[in-house]
Amino acid sequence: MQDFRPIDLLNATLGRGSIVLVRADLNVPIDDAGNLRDATRLTRLLPTLEALKSAGMRVGILSHFGRPKGVADASLSLARVATALGQLMKEQIAFAEDCIGPLAASALASLPEGGICVLENTRFHAGEEADDADFTAALADLAHAYVNDAFSAAHRAHASTHGLAKLLPAYCGLAMQNELDALESALGNPARPLVAVVGGAKISTKLELVGNLSHKVDTLIIGGGMANTFLAAQGVEVGTSLCETGMLDTSRAITAEAEANGCRILLPIDGVVASAFAEGQTGTQVDITHVPDNQMILDAGPKAVKDICSAFGDARTLIWNGPLGAFEIAPFDAATSAAARHAAELTKAGRLKSIAGGGDTVAALNHAGVVEDFSYVSTAGGAFLEWLEGKKLPGVEALTEQEETGK
Ligand code: AMP
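Note that the coordinates shown come from a computational prediction; the quantities given were computed from them, not determined experimentally. Sequence order sets the numbering: in each chain, residues are counted from 1 along the sequence as written. It should be noted that, the model being predicted, local features are given only for residues of pLDDT at least 70 and side-chain atom pairs only at 80 or more, the latter also being counted only at that level, while totals for whole chains, interfaces and linings use all residues. Note that the side-chain values use all heavy atoms of the structure and ignore hydrogens as well as water.

Asks: It is not clear to me how the site of the ligand should be interpreted in this structure. Could you clarify?
Replies: Around the ligand sit 13 residues, and of these Ala-201, Lys-206, Ile-297, Glu-328 and Asp-360 come closest. We define a polar contact as two N or O atoms separated by no more than 3.5 Å, with the added condition that, inside protein, one atom must be a possible hydrogen donor and the other a possible acceptor, whereas residues neighbouring each other in sequence contribute only through side-chain atom pairs. A distance of 3.2 Å separates a nitrogen atom of the ligand from a polar atom in the backbone of Gly-225. Buried and open spaces are told apart on a 1 Å grid over the protein atoms alone, a cavity being a set of points where a 1.4 Å probe fits but cannot get out and a pocket being an open set with protein on both sides within 12 Å along at least five of seven lines. Residues with an atom within 4 Å of a point are the lining residues. By definition, a pocket or cavity contains a molecule when more than half of the molecule's atoms lie within 2 Å of the pocket's grid points. Given that more than half its atoms are within 2 Å of the pocket grid, the ligand belongs to the largest pocket. Only runs of H or I of at least four residues qualify as helices and only runs of E of at least two qualify as strands under DSSP, and these elements are numbered from the N terminus. Of all the elements in the fold, those that place two or more residues in the shell around the ligand are helix H10 (224–233) and strand S12 (296–300). When residues are grouped by polarity, Ala, Val, Leu, Ile, Met, Phe, Trp, Tyr, Cys and Pro land in nonpolar, Asp, Glu, Lys and Arg in charged, and all others, Gly among them, in polar. Along the lines of polarity and charge, the residues of the shell around the ligand split into 6 nonpolar, 4 polar and 3 charged. One heavy atom suffices: a residue is near a molecule or strand as soon as one of its heavy atoms comes within 4 Å of it.

Put into structure tokens, the structure is as follows:
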């Protein structure tokens, strides 16, 4: 496990009133009326903010919001998120109309001890995404220390996620540490047997993920549209199902490599089929070798769910990315919800450590009502996937490198 400087150390080292820049992920869903649609990312930031506040730090929050591509765009201002954060924390949160220069400096200087100011969208400056030295230096000029608490942005080598860690004493935020601990327990040093579910639409978008997992897990459960391609590669007729015919050789190669690594690949033995992916369809259960020519597989069937639940029952650790079926429309949500509920029950009984994440997965687990019962659900999309793919994340590496150079 990589060791990072924790914020306790920051609080013990810096005097009250010191200015700390916290890289957060305030890229939260907000509707046209300015209402927050999901506060998870803000809620997870609170422990770090509370720790810094209670040590009397003056806190400037840095974040991106949307993709303004280096130009100020009022519709992508963080002002509304600052208000939402203030409502959540039940206190006044200041807002600075720039994240560098005199506006930012004076907003931070006028904070009381323990005060918080959200600085405007870092991506209003082209230097952010370019990890530009001058822009990074302008950020560093504002503060005495830097905390990165944005795991979900750590796969980007940007000024506020990467460069800044080299110019200021850098610390790991509590949410970041939590996420890294959860991932480490899932893939770094997991209790075995270790089972992974990889579902979703297409194998072509998850090749690196499946490749890396097949070297590490004991059982790899392939679900969703991806499973159709693996089934077709074995000669199964999949009717009008989503199937990537250009990926048949790749699927066979993945299966052969997994088997050579001692990783069992579990594919659905039955499915739920319909004539179209649309509202109002009645799904029909069929054995996987009996998919009608004019029908498509839209969910795993009950026998497949039984196999999946039995694999969960034998496992000590579960990693889950991607739904088992087209869960957005009933009844094709059934397999994902049933398997997710079983994983949640095993987790609550203390028999399984369950870690899930990545875009649609969080939506699918929310739909099944089990997010709170999993051991850890990551809200990081790209960063979560890149970590599972075995890649090094620049934002995490920057915190480690500083540790190594003793800066
Ligand atoms: P991904 O973003 O790759 O995790 O894919 C998620 C999407 O896969 C969801 O929108 C699901 O509707 C879709 N999906 C899952 N299973 C199937 C299937 N059997 N056929 C078509 N789409 C599917």
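Asks: What is the right way to read the packing of aromatic side chains from this model?
Replies: For any pair of aromatic rings, the description rests on two quantities: the centre-to-centre distance and the angle between the ring planes. Stacked, tilted and edge-to-face are the three classes applied to pairs of Phe, Tyr and Trp rings, where Trp contributes its six-membered ring and a pair requires centres within 6.5 Å; stacked means planes under 30 degrees apart, edge-to-face means over 60, and tilted covers the rest. Under the definition given, this model contains 2 aromatic pairs. Aromatic pair Phe-312 and Trp-320: ring centres 5.9 Å apart, planes at 55°, arrangement tilted. Residues Phe-312 and Trp-320 agree in their burial class; the two are buried. Through a chain of ring-to-ring contacts, three or more aromatic side chains come together here, namely Phe-312, Trp-320 and Phe-374. Looking at Arg-5, its charged tip hangs above the ring of Tyr-171, at a distance of 5.4 Å from the centre. In this analysis the charged atom, NZ for Lys or CZ for Arg, is taken to sit over a ring once it is within 6 Å of the ring centre and within 35 degrees of the ring normal. The aromatic ring of Tyr-376 is capped on one face by Arg-44, whose charged end is 5.2 Å from the ring centroid. Whether a residue is buried, partly exposed or exposed follows from its accessible area with a 1.4 Å probe, protein chains only, as a fraction of its type maximum: under 20%, in between, or over 50%, in that order.

Asks: Can you help me understand empty space enclosed by the protein in this one?
Replies: A water-sized probe, rolled over the atoms, reveals where empty space remains. Grid points are joined across faces, edges and corners, and a volume is the space filled by probe spheres set on the points. Tallied over the entire structure, the rule returns 2 cavities of 30 Å³ or more. Its volume calculated, the largest cavity comes out at about 170 Å³. Lining the largest cavity are 14 residues, with Arg-44, Asp-149, Ser-152, Ala-175 and Thr-379 sitting closest to its centre. Of all the elements in the fold, those that place two or more residues in the lining of the largest cavity are helix H2 (40–54) and helix H8 (174–188). Residues that form the lining of the largest cavity fall into these classes: 7 nonpolar, 2 polar and 5 charged. In this structure, the second largest cavity spans a volume of roughly 30 Å³. As for the second largest cavity, its lining consists of Ile-221, Ile-222, Leu-266, Leu-267, Pro-268, Ala-304, Asp-307 and Ile-308. The set of elements that each furnish at least two residues to the lining of the second largest cavity consists of strand S8 (219–222) and helix H12 (302–314).

Asks: Any chance you could explain the sheet that holds strand S11 (residues 284–287) here in plain terms?
Replies: To summarise the sheet geometry, strands pair through backbone hydrogen bonds and adopt either a parallel or an antiparallel arrangement. The antiparallel open sheet is built from 3 strands, whose spatial order is S11-S10-S12. Edge strands, defined here as strands with exactly one partner in the open sheet, are S11 and S12. Neighbour-to-neighbour, the strand axes of the sheet open up by a mean angle of 45°, direction not taken into account. In this sheet, S11 lies alongside strand S10 (residues 270–274) in antiparallel orientation, the contact comprising 4 bridges. Following the sheet pairing, Val-272 is matched in S11 by Gln-285. Two strands are said to pair when DSSP picks up at least two bridges between them. Lines are fitted to the C-alpha atoms to define the axes, a helix being fitted only along its stretch in contact, and any angle between axes, read from their N-to-C directions, falls within 0 to 180 degrees.

Asks: Is there a simple way to think about the packing of helix H9 (residues 207–216) against helix H11 (residues 248–260) in this case?
Replies: As a packed pair, H9 and H11 sit with axes 9 Å apart at the nearest point and diverge in direction by 15°. With respect to H11, the element H9 is oriented roughly parallel. The crossing of H9 and H11 is right-handed. Here H9 contributes Leu-207, Val-210, Ser-214 and His-215 to the contact with H11, which in turn contributes Thr-250, Ile-254, Glu-257 and Ala-258. Across the contact of H9 with H11, the residue classes break down as 4 nonpolar, 3 polar and 1 charged. Should an angle lie under 35 degrees it is considered roughly parallel, over 145 roughly antiparallel, and from 65 to 115 roughly perpendicular; all remaining angles are considered oblique. Crossing handedness is defined as follows: a turn of the near helix away from the far one that is anticlockwise and smaller than a right angle gives a left-handed crossing, while the clockwise case is right-handed. Note on contacts: a residue pair is in contact if any heavy atoms of the two residues lie within 4.5 Å.

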